[in-house]
Amino acid sequence: MAVQRRAAGGGGLTKLKEALAARDLGTAYIFHGEESYLREFYLSEMKKQLVAGFESFNYHRMEGKGLTVQALTETVEALPMMAQRTMVQVVDWTSTSWGRSSAPPSSPCWRTSRPTAAW
């Protein structure tokens, strides 16, 4: 009897593809894995939908190393210019990037009710 196997992580990618097709992206995404091509492809597709034409105002790329909760909060909560949303991309982030003096990423101090961040 054949057993159908689902690739690890395929559910999240399927949901992202559906959201892109419906032009209904969520608030936050975390990309990880060895397939850098796929990561860059889907990030560029998100960027096209979210900030096309206004990248210099509404697209923010931040380095995870040394990033503080305050800096991320300020960037995520900045109002978009001539668009409905902004896109914040944090690269090379690890669970140790926050340091001991900063709040963890699940802290409510940086969550927002507005759909503003996609990373």
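Structure report, in brief. (Residues numbered from 1 in each chain as written. Predicted model: local features only at pLDDT ≥ 70, side-chain atom pairs only at ≥ 80, totals over all residues. Heavy atoms only, no water.)

**So, the packing of aromatic side chains**
Then comes step 1: By the definition in use, this model includes 2 aromatic pairs.
Then comes step 2: Measuring from ring centre to ring centre gives 6.2 Å for Y37 and F41, while their planes differ by 25°; the resulting arrangement is stacked. Of this pair, Y37 and F41 both sit in helix α2 (residues 36–51), 4 residues apart, which is roughly one turn of that helix.
Then comes step 3: You can call F41 partly exposed: its relative accessible area is 31%.
Then comes step 4: Judged by centre distance (4.9 Å) and plane angle (80°), the rings of F41 and Y42 are edge-to-face.
Then comes step 5: One aromatic cluster is present, built from ring pairs that chain together Y37, F41 and Y42.
Then comes step 6: Here K47 stacks its cationic end above the ring of Y59, 3.9 Å away from the centre of that ring. (Phe/Tyr/Trp six-rings, centres within 6.5 Å; stacked < 30°, edge-to-face > 60°. Helix = DSSP H or I, 4+ residues; strand = E, 2+ residues; numbered from the N terminus. Buried < 20%, exposed > 50% of the residue type's maximum accessible area, 1.4 Å probe, protein only. Lys NZ or Arg CZ within 6 Å of the ring centre and 35° of its normal.)

**Focus on the side chain of R85**
Then comes step 1: Here R85 shows up in the loop between α4 (69–76) and β2 (87–91).
Then comes step 2: D24 provides the closest opposite charge to the buried, unpaired R85, separated from it by 5.8 Å.
Then comes step 3: Only 3.0 Å separates the side chain of R85 from the backbone oxygen of L25, close enough to count as a polar contact.
Then comes step 4: One polar contact links the side chain of R85 to the main-chain carbonyl oxygen of G26, over a distance of 2.5 Å. (Lys, Arg positive; Asp, Glu negative; His and termini not counted. Salt bridge = Lys/Arg side-chain N within 4 Å of Asp/Glu carboxyl O. Polar contact = N/O pair within 3.5 Å; in protein donor to acceptor, adjacent residues only side chain to side chain.)

**Some words on α2**
Then comes step 1: In this model α2 runs 22 Å from its N-terminal to its C-terminal C-alpha over 16 residues, within 8% of the 22 Å that 1.5 Å per residue would give.
Then comes step 2: Once α2 finishes, G53 follows within two positions and takes phi at roughly 90°, a positive value. (Expected span 1.5 Å × (residues − 1).)

**Considering α4**
Then comes step 1: Looking at α4, one finds that the buried residues are V69, L72, T73, T75 and V76. Down the axis of α4, the buried side of the element spans an arc of 165°, and every buried residue falls inside it. Along α4, the residues that are exposed and aim more than 90 degrees away from the buried face are Q70 and E74.
Then comes step 2: For α4, the elements touching its buried residues are β1 (59–63) and β2. (Arc of directions from axis to C-beta. Contact = heavy atoms within 4.5 Å.)

**So, the pattern of salt bridges**
Then comes step 1: This structure, assessed with the given rule, holds 2 salt bridges.
Then comes step 2: Across the salt bridge formed by K48 and E45, the nearest N and O atoms sit 3.1 Å from each other. Linking K48 with E45, this pair stays in helix α2, spanning 3 residues, or about one helical turn.
Then comes step 3: Of the residues examined, E45 reaches a relative accessible area of 23% and is grouped as partly exposed.
Then comes step 4: In this structure, E63 and R61 form a salt bridge, with 3.2 Å as the shortest nitrogen-oxygen distance.

**Overview of the nonpolar core**
For soluble globular proteins, nonpolar side chains are generally found buried alongside one another.
Then comes step 1: With 12 residues, the main nonpolar core is built from L16, A19, L20, L25, Y29, Y42, L43, M46, L50, V51, Y59 and M87.
Then comes step 2: Counting residues per element, the ones that place at least two in this core are α1 (10–22) and α2.
Then comes step 3: Considering every element that reaches this core, the biggest residue donor is α2, with 5 residues.
Then comes step 4: Ranked by size, the runner-up nonpolar core spans 6 residues in total, among them L67, V76, V88 and V90. (Core = buried A, V, L, I, M, F, W, Y, C linked by side-chain atoms within 4.5 Å.)

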